Amino acid sequence: EDIFAILRTASAIVVLLIGAILLVIRVRQRIHHTHGHDHDRVAEQGQATSTQRRASLGAIVASGGLVPSPSAVVVMLGAVAADRIPMGIVLVIFFSVGLASALMTIGVLSVYAAGMADRFQHRVDWLPIASALAIFVVGIVLTASAIAA
């Protein structure tokens, strides 16, 4: 039980740090782009957007993979209690593959959505900062919840 609390706190802090790093990067990029000339901004925008997409996808995968799943812990504890540890391991592996598939699907869809959003760039300039802020806020909530528990 203590190990689970430590893992939950550590993973919450990692999500918080990922959100903070993404937020700083995206605010700096936004400041940099607003101070540049229009022709420089158009040339740099494709590279920044590509970097933001990779960072976003990485953040989604990392945050999903770092937070321990209570369901997987319950399945494994049930398997240990029933003396069916190999079955529990297989179930957790399949559970993890399903979670990874869902995260990859969300990541791929968001990359395609970002490509379509390029057409409406003037309307969605604030979205990278908003998404980084959302990850940061989730990290704060997870960390506060883990410390309070």
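Everything that follows concerns the structure shown earlier in this document.
Residues numbered from 1 in each chain as written. Predicted model: local features only at pLDDT ≥ 70, side-chain atom pairs only at ≥ 80, totals over all residues. Heavy atoms only, no water.

Looking only at helices and strands, the protein features five helices and zero strands. Beginning at the N terminus, the succession of helices and strands in the protein can be written as α-α-α-α-α. Looking at the protein as a whole, 18% of its 149 residues are labelled buried. Long-range contacts, defined here as pairs at least 24 residues apart, represent 78% of the contacts in the protein between residues at least 6 apart. (Helix = DSSP H or I, 4+ residues; strand = E, 2+ residues; numbered from the N terminus. Buried < 20%, exposed > 50% of the residue type's maximum accessible area, 1.4 Å probe, protein only. Contact = heavy atoms within 4.5 Å.)

So, on to a nonpolar patch on the surface. Residues Val80, Ile85, Ile89, Ile93 and Val97 make up a contiguous nonpolar surface patch of about 410 Å² in total accessible area. Relative to the assigned elements, Ile93 resides in helix α4 (residues 85-117). You can call Ile93 partly exposed: its relative accessible area is 48%. (Patch = residues over 30% accessible without salt bridge, like charges linked within 9 Å, V, L, I, M, F, W, Y side chains within 5 Å. Areas by Shrake-Rupley, 256 points an atom, 1.4 Å probe, with all protein chains shown as cover. Salt bridge = Lys/Arg side-chain N within 4 Å of Asp/Glu carboxyl O.)

Further remarks concern helix α3 (residues 70-81). Spanning twelve residues, α3 covers 16 Å between terminal C-alpha atoms, matching the ideal 16 Å at 1.5 Å per step. The positive-phi residue at the C-terminal boundary of α3 is Asp83, with phi of around 60 degrees. (Expected span 1.5 Å × (residues − 1).)

Phi angles above zero are rare outside glycine, and Asp83 is one such case at about 60 degrees. Among the secondary structure elements, Asp83 is positioned in the loop between α3 and α4.

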